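Architecture and fold: a report
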Amino acid sequence: MATLIAPANSSPVEDAEAIRKAVHGWGADEKKIISIIGHRNAVQRKLIRQTYEETYQEDMIKRFESELHGNFEKAMFRWVLDPFDRDAVLANVALKESNPDYHVIVELSCIYSPEELLAVKRVYQARYHHCLEEDLASHIFGDLGKFLVALAGVYRYDGGEIDPRLAKSEAGVLHNAIKDKNHEEITRIVGTRSKAQLIATFNCYKDEYGASITKHLVNGPANPYSAAVSTAVRCIKDPKKYYEKLLRDALHNHGIDENALTRVIVTRAEKDLKDIKELYYKRNSVTLDHAVAKETSGDYEAFLLTLLGKED
């Protein structure tokens with residue numbers, strides 16, 4: 001369930017006018033911007049952007065970029081974009097980092113439906129004039145690069161049918177491949193099978209070998225390939241549990257990871273953030289709202305808490 005609290009009916013004309021007033025004058029009225037944009041769904045936000053541009057001959061996003069600052073500006077920019085456009089931007093930003101972050105690519109490839117992934121890739125091409133796989137191959141090399149290109153390039157079968165014999169057989173193949181560091185076989189299986197088939201294979205693996213596949217993947221010298229495969233397995237098996245762990249690490253691992261924190265809240269607020277919040281509370285005995293309020297401040301804190309469903 002979503003955490004976003006948005007009115008059923010809102011006027012894009014009135015919203016655009018209020019935002020125009022909030023960004024013109026002596027400094028931006030951040031509270032006003034949050035009170036409007038933080039309570040509008042994707043369709044409503046798109047209408048506000050269009051109305052603002054038609055009425056004032058000015059790009060609302062560019063105005064936000066010039067008036068807002070820091071983590072608040074970054075979070076607001078991501079929220080205001082159309083969802084698939086936002087995902088394309090997140091993927092591109094992750095790849096352009098000095099140490100590219102594979103998590104975004106794995107999330108898109110292993111949590112999104114095949115149609116959603118295709119939509120993100122279409123927007124990516126239109127925006128950057130390259131395909132996502134091409135940029136992956138030119139920024140991330142070796143077996144990790146091949147794995148991510150395989151994930152991003154596949155259009156997985158999305159049905160629920162499984163082949164139990166294949167699951168048992170490929171659990172064995174994966175076990176041997178992890179032992180022998182045969183990355184090609186791991187990439188072939190994780191990069192092509194349907195999610196339902198892979199979940200059956202991961203379950204067989206645990207039954208057969210007494211430990212989850214992720215335990216065996218990370219049970220050796222740390223390397224980016226095994227870490228990425230482990231992330232893919234967790235995303236396929238239980239996306240909400242994956243996101244809860246991502247938030248926990250973002251808030252508690254030697255300083256806050258604002259990129260991960262913003263990404264999860266902004267991308268899941270209209271989907272399943274309520275369920276992720278419940279998982280977070282069960283796991284940590286503290287509410288996600290409380291943890292966010294403790295680790296963030298100012299307009300950034302106020303905006304994240306609004307998306308988390310905090311009433312004004």
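What counts, and where the lines are drawn
Every chain's residues receive numbers from 1 upward, in the order its sequence appears when written. In keeping with the model being predicted, local features are shown solely for residues with a pLDDT of at least 70 and side-chain atom pairs are shown and tallied solely at 80 or more, while totals for entire chains, interfaces and linings include all residues. No hydrogens and no water enter the side-chain calculation; it runs on all heavy atoms of the structure. The numbering of helices and of strands both runs from the N terminus, where a helix is a DSSP run of H or I of at least 4 residues and a strand a run of E of at least 2. Each radius of gyration is computed over the set of C-alpha atoms, and the globule rule expresses the reference value as 2.2 Å times the number of residues to the power 0.38. Only protein chains enter the calculation, and the probe is 1.4 Å; a residue is then buried if its accessible area is under 20% of its type maximum, exposed if over 50%, and partly exposed in between. Residue contacts follow a heavy-atom distance rule, with two residues in contact if any of their heavy atoms lie within 4.5 Å. What counts as a salt bridge is simple: a side-chain nitrogen of Lys or Arg found within 4 Å of a carboxyl oxygen of Asp or Glu. For our purposes a nonpolar core is just a set of buried Ala, Val, Leu, Ile, Met, Phe, Trp, Tyr and Cys residues, chained together by side-chain atoms within 4.5 Å. Between 30 and 60 degrees the pair is tilted, below 30 it is stacked and above 60 it is edge-to-face, where a pair is any two Phe, Tyr or Trp rings, Trp via its six-membered ring, whose centres lie within 6.5 Å. Any Lys NZ or Arg CZ that is within 6 Å of a ring centre and within 35 degrees of that ring's normal is treated as a charge sitting over the ring. Orientation is described by lines fitted to C-alpha atoms, with helices fitted over the stretch in contact, and by angles between N-to-C directions that extend from 0 to 180 degrees. When describing relative orientation, an angle under 35 degrees is termed roughly parallel and one over 145 degrees roughly antiparallel, while 65 to 115 degrees is termed roughly perpendicular and anything else oblique. Note: crossing handedness is left-handed where the near helix turns anticlockwise from the far helix by less than a right angle, and right-handed where it turns clockwise. Note on residue categories: nonpolar means Ala, Val, Leu, Ile, Met, Phe, Trp, Tyr, Cys or Pro, charged means Asp, Glu, Lys or Arg, and polar means any other residue, Gly included.

To continue, consider the overall build of the protein chain. What the protein chain contains, in helices and strands, is 20 helices and zero strands. Whereas a compact globule of 312 residues would reach a radius of gyration of roughly 20 Å, the protein chain reaches 21 Å, a difference of no more than 12%. Overall size of the protein chain, expressed as C-alpha extent along the three principal axes, is 65 × 45 × 35 Å. Buried residues in the protein chain amount to 48% of all 312 residues. When contacts within the protein chain are restricted to residue pairs at least 6 apart in sequence, those whose partners lie at least 24 apart make up 71%.

The full count for this structure, using the stated rule, is 20 salt bridges. Between Arg-193 and Glu-170 there is a salt bridge, and its shortest N-O distance comes to 2.7 Å. Placement of the pair is Arg-193 in the loop between helix 12 (183–190) and helix 13 (195–209) and Glu-170 in helix 11 (residues 164–180), with a sequence separation of 23 residues. Across the pair Lys-245 and Asp-249 runs a salt bridge whose closest N-O atoms are separated by 2.9 Å. In this pair, Lys-245 and Asp-249 both sit in helix 16 (residues 239–252), four residues apart, roughly one turn of the helix. Overall, Lys-245 belongs to the partly exposed group, its relative accessible area being 31%.

This paragraph deals with the nonpolar core. Of all hydrophobic cores here, the largest spans 92 residues; its most connected members are Ile-37, Phe-64 and Leu-148. When residues in this core are grouped by element, the largest group, seven residues, is from helix 15 (residues 224–237). Not counting residues up to four positions away in its chain, the partners in contact with Leu-148 are Tyr-102, Ile-105, Val-106, Leu-136 and Ile-140.

A word on the packing of aromatic side chains. A full pass over the atoms with the stated rule returns six aromatic pairs. Between Tyr-124 and Tyr-128, the ring centres sit 4.8 Å apart and the planes meet at 50 degrees, which makes this aromatic pair tilted. Here Tyr-124 and its partner Tyr-128 are both found in helix 8 (residues 114–128), four residues apart, which amounts to about one turn of the helix. On the basis of relative accessibility, which here comes to 1%, the residue Tyr-124 falls in the buried class. Between Phe-147 and Tyr-225, the ring centres sit 5.6 Å apart and the planes meet at 65 degrees, which makes this aromatic pair edge-to-face. Here Tyr-225 lies in helix 15 and Phe-147 lies in helix 10 (residues 142–153), a separation of 78 residues in the sequence. Against the face of Trp-79 rests Arg-45, its NZ or CZ located 3.7 Å from the ring centre.

Following both chains from N to C, one finds helix 1 (residues 12–23) and helix 2 (residues 30–37) inclined at 160 degrees, their axes separated by 9 Å at the closest point. Taken together, the axes of helix 1 and helix 2 lie roughly antiparallel to each other. Pair helix 1 / helix 2 crosses with left-handed handedness. Side by side, helix 1 and helix 2 meet where Asp-15, Ala-18, Ile-19, Ala-22 and Val-23 of the first sit next to Lys-32, Ile-33, Ile-36 and Ile-37 of the second. Here the contact of helix 1 with helix 2 is composed, by residue class, of seven nonpolar, no polar and two charged.

The N-to-C vectors of helix 15 and helix 16 enclose an angle of 125 degrees; their axes lie 5 Å apart at closest approach. When the axes of helix 15 and helix 16 are compared, the pair comes out oblique. The segment helix 15 lies against helix 16, with Thr-231, Arg-234, Cys-235, Ile-236 and Lys-237 engaging Pro-239, Tyr-242 and Lys-245. When grouped by side-chain class, the residues that make up the contact of helix 15 with helix 16 number four nonpolar, one polar and three charged.

For His-129, which is not glycine, the phi torsion reads 60 degrees and is therefore positive. Summarising the element assignment, His-129 is placed in the loop between helix 8 and helix 9 (132–139). Backbone geometry at Lys-181 places phi at a positive 55 degrees, although glycine is not the residue there. Take Lys-181: it is sitting in the loop between helix 11 and helix 12.

For Ile-265, the position within the fold is in helix 17 (residues 258–268). With 145 residues separating them in the primary sequence, Ile-265 and Val-120 have C-alpha atoms 19 Å apart.

Take the environment of Leu-304 next. Considering the arrangement of structural elements, one finds Leu-304 in helix 20 (residues 298–307). When neighbours within four sequence positions are excluded, Leu-304 is seen to be in contact with Leu-261, Ile-265, Val-292 and Thr-296.

Here Thr-262 shows up in helix 17. Contacts of Thr-262, omitting those with residues within four sequence positions, involve Ala-75, Arg-78 and Tyr-300.

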